[in-house]
Each structure stands twice: as C-alpha cells, then as structure tokens.
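# Per-entry structural report
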Amino acid sequence: MQTTSISRQVISNIIPAIVVEIMILIYNLADTFFIAQTGDPLQIAAVSLAAPVFMVLIASGIVFMAGGMSCISRSLGAEKRGRAESTAAFCVWAGIIAGVILAAVFMCFIERILRAIGASPETFRLAYSYLSIVMASAPFVLFSMACSGIMRAEEHASGAMMGQVIGNVINIILDPVMILWFGWGITGAAIATVIGTVSGAVYYLGYFLAGRSSLSIHARHFTAKDGIARDVFSIGIPACLDPFLMSVAMMFMNSMMSVYGDMAVAAVGVSMRINQIAGLIAMGAGQGVQPLLGFCVGAQDWERYRAMLFFALKFTVSISLILVAGCLVFTGEIVGVFLTEPEAFSYAVDFTRIFLSSSLAFYIFFIFINALQAMGAGRASLILSVCRQIVLYIPAMFVLNYFFGTYGLVWSLPTAEYLSLLQTVIFYGRIIFNPKHLN
C-alpha cells in the first residue's frame, strides 16, 4: 500500500465506492420511477415519507461499516492482524443482533412513527405497507454493510462493490414486475427491496466462506473486549449520526411540508433524491479514501495521508461540479420522469435547483468528515455532524419556514450547508497540516 502511486491507489479505491453510491441512487430512483408509472402521486408521497425512516436503518449500518473500516485499516497499518480479525467478527455479529432489535422495535411503534412524520390519512396506509415489509430486511442490511466495510479496509473495494451491485440490480429488475406487472404498487417495491437486500447479503456471506478475505468473521473471533467495541463505536456512532440526524431532519421537513399538501411532500421527496445525484460522488470518494487514510494513520505516514486527502478532494470536486451542472441544465427533464402532476412538478423543479445550490459545500464537508474518521477522531467528527444537523439545519427550518413559508423551508438546507462549511474550514484551519493535533 505504501509503494503504489497515490493517484492510482486513491482512484482504484474511490471508483468502486462511487459505483456503489450510484447503484444505491439508481435503486432509489428506480423505486420512485416505477411507482410514478402507476399514475398515483400519493404513492410517491408515501415513499418520500418512508425514506427518512429507512435512512435510520442505513445509519445504524454505518456504525459497523465505518467504525469497522477505520479500526481495521488502522490495525492493518500497525501490523496488528489479530486485532483486525476480532474487529471484523465483532462488526458482523453485533450488526446482525442490532438489525434484529431494530426490526422488532420498529414494528412495535410503526403507527406512532408514521403519524409523527406527517402521514396524512391518504398516505398512512401506503407508507405502512412499504415500511412494514422493508424493515424486515434490517439484519441483512446491517450484515451487508459490516462486510462491505471489512472488505474496503482490506482494499478489496471491487468485491465490496459487487455485493451492492448484485442486490440493487436484482431489485431494479424486480421493480417493474412487482409494481406494474403484478399491480402491487408500493407493496411490490418493498418486496423487491427485501429480495435484493437478501441477495446482496448472500453474496457477502459466500465471499467470506470461500476464504477470499484474509480476515475471518467466524463467531469464535467475536469479542467486545480489549477496547474493540469502544473503538468501533467511537468512530461508528459519530459516522452514523450525520445520516441519522439527516433522517430526523427529513422527518421534520416532511412533517412541516405536509401543511402545504401532499403534492409538496411528493415534490420535496423527488427533489432530495435528485440532489443525491450531485452528492453521490463525494459520498463514494469519502468512503473510498477512508481506509487508505486509516492505513497511513496506523503506519504514522502523515505526508502520504495529506497527499491522498488533497488528491481525493480535487478529484471529487472536479467530477461533482460537472455532474451538478448537468442536473441544473436538465432539471425539468429529470423531474418530469418522476412527476407529471402540474403542481408537484412545479414545486419539484424549484426545490431541486435550491438544493443543488449547496452541493459544493457538501462535497468538502463529507470528504473531511471521512478523513477525521480515518484518524480515529471520533469526537471531532461528532461535533461537526451534530452541529450540521441539530444546531444549524433543523433550527433553520423553523426560522425560514416562519418567515418565508414553503420556499423558506427548502432554503434551510443550503443555509445549513454553507454555515457548516464555514465551521469546517475554521476547524481544519488549525489541524489540516498537522493531523496529530486531533490525537
């Protein structure tokens, strides 16, 4: 790892991670697209309501994916293979247990959750049907994410990518069959999601059973002792907080937007998914470069750490700006694929352009958050994530909604992103050229 050229090494890890993010996005868009073909905007609104709840599940998986990836890569860099193997087993088995608990808890409180996030009488039944099926896949989701983190930490980024690709491709193939051909609508979308998720988990299980990994996830290696659980959670919990708090913020957004009608809820849901197109490069790049940075931290090679960080940042910003420009030019055409109802379409075009205005701020923020996690700087990552969502985004919703209504509510995201960027720049001003300040 320390002899390969920086550009080649970073790109070879970033590209598979970006492909994974693209596949996740395609899966999300496919669900929305095929549900839109039913001609029922209420089903789109229901999926929009369900999205932040499903993000809570993804955030839980990030605890074991990001926490394990950071700890394992640093252990490998420090030549502590035994600790790396114990960490891998802990992440997999703890993830499965957490998934079972999450599914059970959700099913107990599903009605209260849906009412709290603003489901109307028209969308309640639809969102209930979708989520009650999708959340059954929680153990498989967390297992797959833990395995993906382990494989990335070993620099098996392509293998980690394949599990996600397999699951998403199966999901996308099944979507039109179950949503349109069988006529199951949003329920069919949920069933396709579960089948795709289980298929991806089977691939990851086969990968480890076949001995393709240098690390074992066998239960005999499982332990939470020797600081393993503490190390995983100290990185994983701050890493999961950003998407978790984003899901909470989306729940606030949907609840407050529901005052303006179901068409506004459908529009903001589609707009947020389109905005993900612009963010997927940064998310993939951050996750792709993190294990490389973690290895450098374990080896105490700070010069290579900084070189990799800045190359990843330049590469990401350059590619992402081109993507954003394309989304801005073809906003109407992209929105038209998902929404044709005039009011919802008009809202979605405006909302999408507003969200895209803060994309650059998000790119920089996400790359540096992953750099912090690679260093084991859980506290710093926690501070920035909490401030971004709780201190900036949610209060901005209430303030801007009060003064400017619907569009003020949407402008709260760019406002929070730029304020968060300013905070991040100030924070990194002291430590970016000397990462040891964070230890």
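Coordinates for the structure precede this section.
A brief report on the enclosed structure follows. (Residues numbered from 1 in each chain as written. Predicted model: local features only at pLDDT ≥ 70, side-chain atom pairs only at ≥ 80, totals over all residues. Heavy atoms only, no water.)

## Considering the nonpolar core
Ranked by size, the top nonpolar core spans 107 residues in total, and within it Tyr130, Met257 and Tyr393 carry the most contacts. Ranked by the residues each element gives to this core, the list is headed by helix α2 (residues 41-77), at 22 residues. Sequence-distant contacts of tyrosine 393, defined by excluding residues within four places in its chain, comprise Met246, Ala249, Met253, Met272, Arg388, Ser412, Leu413 and Ala416. The next biggest cluster of nonpolar side chains, apart from the first, holds 26 residues, and it includes Ile18, Leu292, Leu293 and Ile364. (Core = buried A, V, L, I, M, F, W, Y, C linked by side-chain atoms within 4.5 Å. Buried < 20%, exposed > 50% of the residue type's maximum accessible area, 1.4 Å probe, protein only. Helix = DSSP H or I, 4+ residues; strand = E, 2+ residues; numbered from the N terminus. Contact = heavy atoms within 4.5 Å.)

## A look at the environment of isoleucine 117
Mapped onto the elements, isoleucine 117 comes out in the loop between α3 (81-116) and α4 (121-134). In this structure the C-alpha to C-alpha distance between isoleucine 117 and cysteine 387, which are 270 residues apart in sequence, comes to 22 Å. Setting aside residues no more than four positions away along its own chain, isoleucine 117 makes contact with Leu49, Val53, Met251, Asn254 and Ser255.

## Description of the pattern of salt bridges
Enumeration over the complete set of coordinates arrives at four salt bridges. Across the salt bridge formed by arginine 230 and aspartate 231, the nearest N and O atoms sit 3.6 Å from each other. Here arginine 230 falls in the exposed class, since its relative accessible area comes to 58%. Several salt bridges converge on common partners, so that one network encompasses Arg83, Arg230 and Asp231. (Salt bridge = Lys/Arg side-chain N within 4 Å of Asp/Glu carboxyl O.)

## So, the side chain of arginine 388
By secondary structure assignment, the location of arginine 388 is in helix α14 (residues 378-431). Relative accessible area serves as the criterion here: at 3%, arginine 388 is assigned to the buried category. Within the structure, arginine 388 has its side chain in polar contact with the side chain of glutamate 417 (distance 2.8 Å). Apart from the residues lying within four places of it in its own chain, the contact partners of arginine 388 are Asp242, Met246, Phe362, Phe365, Tyr393, Ala416, Glu417 and Ser420. (Polar contact = N/O pair within 3.5 Å; in protein donor to acceptor, adjacent residues only side chain to side chain.)

## Things to note about the side chain of threonine 193
Within the secondary structure, threonine 193 is located in helix α7 (residues 186-209). A distance of 3.0 Å separates the side chain of threonine 193 from the backbone oxygen of alanine 189, its partner in a polar contact. The contact partners of threonine 193, leaving out residues within four places of it in the chain, are Tyr27, Asp31, Tyr130, Val134 and Asn171.

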